[in-house]
Amino acid sequence: MARIPVGGGDDAEWGQAVTAFVVPSGPTPPTLEALRDAVKAQLPPYCAPQRLELVTAIPRTSLGKPRRSALVSAPSAAGGGGGPRHREGRHAQPG
C-alpha cells in the first residue's frame, strides 16, 4: 500500500474517528478491512483507521505534506467533482 494520510474524520458518536483518506490507484479500491490488516501488521491495533474515505486527490502543502484540514472539502473519487466521498467503516453514513 502507498502512504495514506489519516486524520480525525467527523463522527456522530465520538466527535472524531481515525479516518484514512485514499486515492484509488486501480479499478478496485482498497477495502477498510485490507487497510486495517496492513496497519495492524506494522503498528498496534488501536492505530488502525476506523473509517476509509476515497478521495480524488490528496491536497498538499507547499512542502509536499498532506493538508489534512483540506481533506474535509476534497472532491470524491466515487462521486466526481465535489460530490460526497465514498465512506466505509464502523459509523459510515451514506454519502
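Treat the numbers as computed from the prediction; the structure is a model and nothing was measured.

Rules and cut-offs
- Residues numbered from 1 in each chain as written.
- Predicted model: local features only at pLDDT ≥ 70, side-chain atom pairs only at ≥ 80, totals over all residues.
- Heavy atoms only, no water.
- Helix = DSSP H or I, 4+ residues; strand = E, 2+ residues; numbered from the N terminus.
- Contact = heavy atoms within 4.5 Å.
- Areas by Shrake-Rupley, 256 points an atom, 1.4 Å probe, with all protein chains shown as cover.
- Core = buried A, V, L, I, M, F, W, Y, C linked by side-chain atoms within 4.5 Å.
- Buried < 20%, exposed > 50% of the residue type's maximum accessible area, 1.4 Å probe, protein only.
- pLDDT = per-residue confidence, 0-100.
- Arc of directions from axis to C-beta.
- Pairing = 2+ DSSP bridges.
- Right-handed = clockwise from strand over helix to strand, strands pointing away.

S.K.: Could you clarify how one ought to interpret the overall build of the protein chain in this entry?
M.R.: Check the secondary structure of the protein chain and you find 2 helices and 4 strands. Helices (α) and strands (β) of the protein chain occur, in sequence order from the N terminus, as β-β-α-β-α-β. Within the protein chain, contacts between residues separated by at least 24 positions form 49% of all contacts whose residues are at least 6 apart in sequence. A total of about 6000 Å² of accessible surface is found on the protein chain, and carbon and sulfur atoms cover 54% of it.

S.K.: Mind showing me how you'd approach the nonpolar core here?
M.R.: Side chains of a nonpolar character, in soluble globular proteins, are inclined to be buried together. Grouped together as the largest cluster of nonpolar side chains are 6 residues: Ala20, Val22, Leu32, Leu35, Leu52 and Leu54. Listing elements by their share of this core, those giving two or more residues are strand E2 (15-22), helix H1 (32-42) and strand E3 (51-54). Apart from the residues lying within four places of it in its own chain, the contact partners of Ala20 are Ile4, Pro5, Val6, Leu35, Pro49, Arg51, Leu52 and Glu53.

S.K.: Honestly, the confidence of the model for the protein chain in this entry has me stumped. Any pointers?
M.R.: Any residue range with low pLDDT should be treated as having predicted coordinates unsuitable for detailed reading. Counting all residues, the mean pLDDT for the protein chain is 77, and 73% of those residues have values of 70 or more. Mean pLDDT across the elements of the protein chain bottoms out in strand E4 (residues 86-89) (60) and peaks in H1 (92).

S.K.: Looking at this model, I keep getting lost on H1. Mind explaining?
M.R.: For an α-helix, the turn length of 3.6 residues means that residues three or four places apart are oriented alike. Turning to H1, its buried residues are Leu32, Leu35, Arg36 and Val39. The buried residues of H1 occupy an angular sector of 95° when projected down its axis, which confines them to one face. Opposite the buried face of H1, by more than 90 degrees, sit the exposed residues Glu33 and Ala41.

S.K.: Could you clarify how one ought to interpret the pairing of E2 in this entry?
M.R.: Successive side chains on a regular strand alternate, one facing one side of the sheet and the next facing the other. Relative to E2, strand E1 (residues 6-11) runs antiparallel, the two being bridged by 6 bridges. Its bridge partner lying in E2, Gly9 is registered against Ala17. Linking E1 to E2, which pair antiparallel, is a turn of 3 residues. The sheet contact formed by E2 and E3 spans 4 bridges and is parallel. Paired with Ala20 across the strands is Leu52, a residue of E3. In this view, the connection linking E2 to its parallel neighbour E3 by way of H1 has right-handed handedness.

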